[in-house]
Amino acid sequence: MSASSKIKAKKKPNLPGGNGPAGNMMQGEKAKDFKGTLRKLVQYIGKYKAAVVVVMIFAAASTIFAILGPRILGQATTTIFSDIVGMIDGSKTGIDFASIQKILVSLIILYGISALFMYIQGIIMSRVSVKVTYNLRRDISEKINKLPLKYYDKKSYGEVLTHITNDVDVLSQTLNQSISQIITSVTTVVGIIIMMFSMSWMMTLIALAIIPISLVFVVMVVKRSQKYFTAQQEYLGHVNGHVEEMYGSHLVVKAFNGEDESIEKFDGMNDELYTSAWKSQFLSGMMMPVMQFIGNLGYVAICILGGWLAVNGRLPVGDIQAFIQYVRQFTQPIMQIAQISNVLQQTMAAAERVFEFLGEPEESPDALSPAPTENVKGHVTFDHVRFGYNEDKIIIKDFSADIHPGQKVAIVGPTGAGKTTIVKLLMRFYDINSGSIKVDGTDLQAFTRNDLRGMFGMVLQDAWLESNTIRENIRYGRLSATDEEVKAAAKAAQVDHFVRTLPDGYDTLINEESSNISQGQKQLLTIARAILADPKMLILDEATSSVDTRTEVLIQKAMDHLMLGRTSFVIAHRLSTIQNADIIFVMKDGDIVEQGSHKELLEQGGFYSDLYMSQFEPEEELEHELGKNA
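Residues numbered from 1 in each chain as written. Predicted model: local features only at pLDDT ≥ 70, side-chain atom pairs only at ≥ 80, totals over all residues. Heavy atoms only, no water.

### Observations regarding the overall build of the protein chain
A tally of regular secondary structure across the protein chain gives 20 helices and 12 strands. Taking all 630 residues of the protein chain together, the buried fraction comes to 42%. Of all intrachain contacts in the protein chain linking residues separated by at least 6 positions in sequence, the fraction that spans at least 24 positions is 79%. With an accessible surface of roughly 33,200 Å², the protein chain has 57% of that area assigned to carbon and sulfur atoms. (Helix = DSSP H or I, 4+ residues; strand = E, 2+ residues; numbered from the N terminus. Buried < 20%, exposed > 50% of the residue type's maximum accessible area, 1.4 Å probe, protein only. Contact = heavy atoms within 4.5 Å. Areas by Shrake-Rupley, 256 points an atom, 1.4 Å probe, with all protein chains shown as cover.)

Here's what the structure looks like:
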């Protein structure tokens, strides 16, 4: 089976900046380099720039047609008013319904064109948004497999998963909604101002005077409520994190009677969340009523001034109606622009994280002319290998070893001695600081990583199975294998018997919720997968740690048959499982302190002998020995 890895992480909640009428106006996370990130985003969607331009044109045109509506409707009102006045003073005999009909028809056509343009730009922008989102997720997915493992030593899997989920979702929503909304809002504000000034400059000044008064109030509310929205977001994350943590480990919590402590901690965080939430909602909830009150005062002033202008014949009655409609429409795009400005800040912050991730240094490139792997025999040489996950903290100080083809090599030692690290270097999950590792005299770096890892079959202590049937999980070792070969591998791994006892047999589905498969049985399936892969070399990292003693004996027999003629590396803590190894490397503090067969090492009476005997000593002597070694 070729070595592979899988990121498993739980999705973190997408926490809003706040809720309520002013929630979206709360100051969000900002990008460190807004302009630079915006430039990268524009470049990224450059292939769709023609579609974006069309969207801008259609959005602007749709808004302009919608803006003309109230002015035309006002003409109908003026016509009706004039006809009624004429009927009163006897100058007219009735209402000119033909003129009104023409106005209404033109109005319907105008609004229809506006809706059509808005629909078209919405479809185009949705397609662009989906394509950009698709490309981003694809690039991130490819990037995940190109990054060196040392990157994941510094970043949690949840952070990486956030790039694919939350950050890309934020970008998608902004592209789908905010771009056209920016165009329509700006066009609406400019268009309405032009239309209002064309009707009455005095009334327009009164309408514009409402804005600074409203902004002063908004700023006051934002300053007071910002800290509560921040606290709400923080404690919402704490509450969600605590619930997820407790639910994920509820068996441990119950086993140690930790329910009361968990509830007490949850209540404390929930109280803080409640306090910050109601204060933030109360303050933000004040905004719309007060702004409506301020707006209504403006309407009163506009109506009084408009009535005076109409009485003096300086303004048609229909224009007053149109003007009031424009004033009502005027505040909405201003609020939208304020909201969009905050959304853009959050979007640029999300985009910045995505582009930073995409810009992370990748693994060193594979050799241009890679060495062939067809005739590899499995002669592995470690020559003065030196390695540390951090350059200032070296773990493997000076490791040298010569493993002949077909040898079974056991690597033992206390926790932290560097056993698993040796395997990671052999698979080129990490590159060494100095020295060399060779297979059949060829440096590992001369192979491509895929070819190198394809030489090894790997069984880890943590049994990873994908959400699929038992048959397909075993076939994962060699996708071209037939059903008969899958069953043969299952029999060799002592797994066929228990699979046949399941109602669906090899078609039994396995997932995280599977309760019909034990941890030990899952481990057996991974061993069957490795057997099916028929690799040239084997790596077994505590492969039998999750099975019972009887099963372990059966597995050892299957492993001995599998390892026959193959170079094998076995990492084990239970030294009873590696007594038949051809050579045992005893590691301590990153160096080989002893090497030889099981019998030879026991006769030496050194560190290995102490480790071996400690596993069979009474508990009191074991505690004494551990204390002495510590």
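### Notes on the side chain of S200
In this structure, S200 sits in the loop between helix 5 (157-199) and helix 6 (201-248). Within the structure, the side chain of S200 is placed 3.3 Å from the backbone nitrogen of M203, a separation counted as a polar contact. Apart from the residues lying within four places of it in its own chain, the contact partners of S200 are L309, L315 and F323. (Polar contact = N/O pair within 3.5 Å; in protein donor to acceptor, adjacent residues only side chain to side chain.)

### Remarks on the packing of helix 14 (residues 483-492) against helix 16 (residues 519-533)
It is at 8 Å that the axes of helix 14 and helix 16 come closest, and there the two elements cross at 125°. The angle between the axes of helix 14 and helix 16 places the two elements in the oblique class. Helix-helix and strand crossings are classified by hand; for helix 14 and helix 16 the assignment is right-handed. Counting all contacts with helix 14, which are made through E485, V486, A489, A490 and A492, the residues of helix 16 involved are A528, I531 and L532. Taken together, the residues of the contact of helix 14 with helix 16 sort by class into 7 nonpolar, no polar and 1 charged. (Axes fitted to C-alpha atoms, helices over the stretch in contact; angles between N-to-C directions. Parallel < 35°, antiparallel > 145°, perpendicular 65-115°, else oblique. Left-handed = near helix turned anticlockwise from the far one by under 90°. Nonpolar A, V, L, I, M, F, W, Y, C, P; charged D, E, K, R; others polar.)

### A closer look at the packing of aromatic side chains
Under the defined criterion, the tally for this structure stands at 11 aromatic pairs. Centroid distance F58 to F117: 4.9 Å. Interplanar angle 55°. Geometry classified as tilted. Residue F58 is found in helix 2 (residues 49-89), and its partner F117 is found in helix 3 (residues 97-146); the two are separated by 59 residues along the sequence. We classify F58 as partly exposed; its relative accessible area is 23%. Classification of F117 as partly exposed rests on a relative accessible area of 22%. (Phe/Tyr/Trp six-rings, centres within 6.5 Å; stacked < 30°, edge-to-face > 60°.)

### Side note on helix 19 (residues 607-614)
Of all 8 residues that make up helix 19, 6 are buried, and the element is covered over most of its length. Considered for burial, the residues of helix 19 that qualify are F607, Y608, S609, L611, Y612 and S614.

### Some remarks on the sheet that holds strand 6 (residues 456-459)
Read across the open sheet, the 6 strands follow the order 6-9-10-3-11-12; overall the sheet is mixed. Single-partner strands in this sheet number two, and they are strand 6 and strand 12 (591-596). Strand-to-strand twist across the sheet, computed as the mean angle between neighbouring axes with direction ignored, equals 15°. Two elements, strand 9 (residues 537-541) and strand 10 (residues 567-571), share 5 bridges in a ladder whose sense is parallel. Opposite I539, over in strand 10, you have F569 as the bridge partner. (Pairing = 2+ DSSP bridges.)

### Observations concerning a negative patch on the surface
A cluster of acidic residues, D260, E261, E264, D267, D271 and E272, forms a negative patch on the protein surface. Of note, E272 is situated in helix 8 (residues 259-285). Taking the relative accessible area as the measure of exposure, E272 reaches 40% and is therefore partly exposed. (Patch = residues over 30% accessible without salt bridge, like charges linked within 9 Å, V, L, I, M, F, W, Y side chains within 5 Å. Salt bridge = Lys/Arg side-chain N within 4 Å of Asp/Glu carboxyl O. Lys, Arg positive; Asp, Glu negative; His and termini not counted. Charge placed at Lys NZ, Arg CZ, Asp CG, Glu CD.)

### Looking at the pattern of salt bridges
What the rule picks out here adds up to 16 salt bridges. Within the structure, one salt-bridge network assembled from shared partners comprises E363, D366, R428, D431 and R449.

### So, the sheet that holds strand 2 (residues 396-403)
The 4 strands lie next to each other as 2-1-4-5, forming an open sheet whose pairing is antiparallel. For this open sheet the edge positions go to strand 2 and strand 5 (442-443), each flanked by a neighbour on one side alone. The sheet contact formed by strand 1 (residues 380-387) and strand 2 spans 5 bridges and is antiparallel. Across the sheet, V385 pairs through a bridge with F399, a residue of strand 2. Sitting on the sheet, helix 11 (residues 419-426) is in contact with strand 1, strand 2 and strand 4 (434-439), with an inclination near 115° to strand 1.

### Topic: unusual backbone geometry
Even without a glycine there, the phi angle at H384 is positive, about 50°. Note on placement: H384 falls in strand 1. Located in the positive-phi region is R428, a residue other than glycine, with phi close to 60°. Turning to its location among the elements, R428 is positioned in the loop between helix 11 and strand 4.

### Regarding the confidence of the model for the protein chain
In the predicted model, the protein chain carries a mean pLDDT of 80, and the fraction of residues at 70 or more is 89%. Between residues 1-28, whose pLDDT stays under 50, and residues either more than four places distant or in other chains, the model counts 82 contacts. Confidence drops under pLDDT 50 across residues 618-626; counting only partners more than four residues distant or on other chains, this segment forms 5 contacts. (pLDDT = per-residue confidence, 0-100.)

### Concerning a nonpolar patch on the surface
A cluster of nonpolar side chains, namely V186, V190, I194 and I337, defines an oily patch on the protein surface of about 320 Å² accessible area. Counting residues per element, the nonpolar patch draws most heavily on helix 5, which supplies 3 residues. For I194, the position within the fold is in helix 5.

### A word on the side chain of N473
Secondary-structure assignment places N473 in helix 13 (residues 470-475). Among all residues touching N473, those that are not within four sequence positions of it are L465, E466, N468, I510 and R529.

### Here's the deal with the nonpolar core
Grouped together as the largest cluster of nonpolar side chains are 42 residues, with contacts concentrated most on I470, I474, I578, I584 and Y608. Looking at this core element by element, the count peaks at 7 residues for helix 16. (Core = buried A, V, L, I, M, F, W, Y, C linked by side-chain atoms within 4.5 Å.)

### Notes on the environment of A277
One can find A277 in helix 8. Residues A277 and S225, spaced 52 residues apart in sequence, show a C-alpha to C-alpha distance of 10.0 Å.

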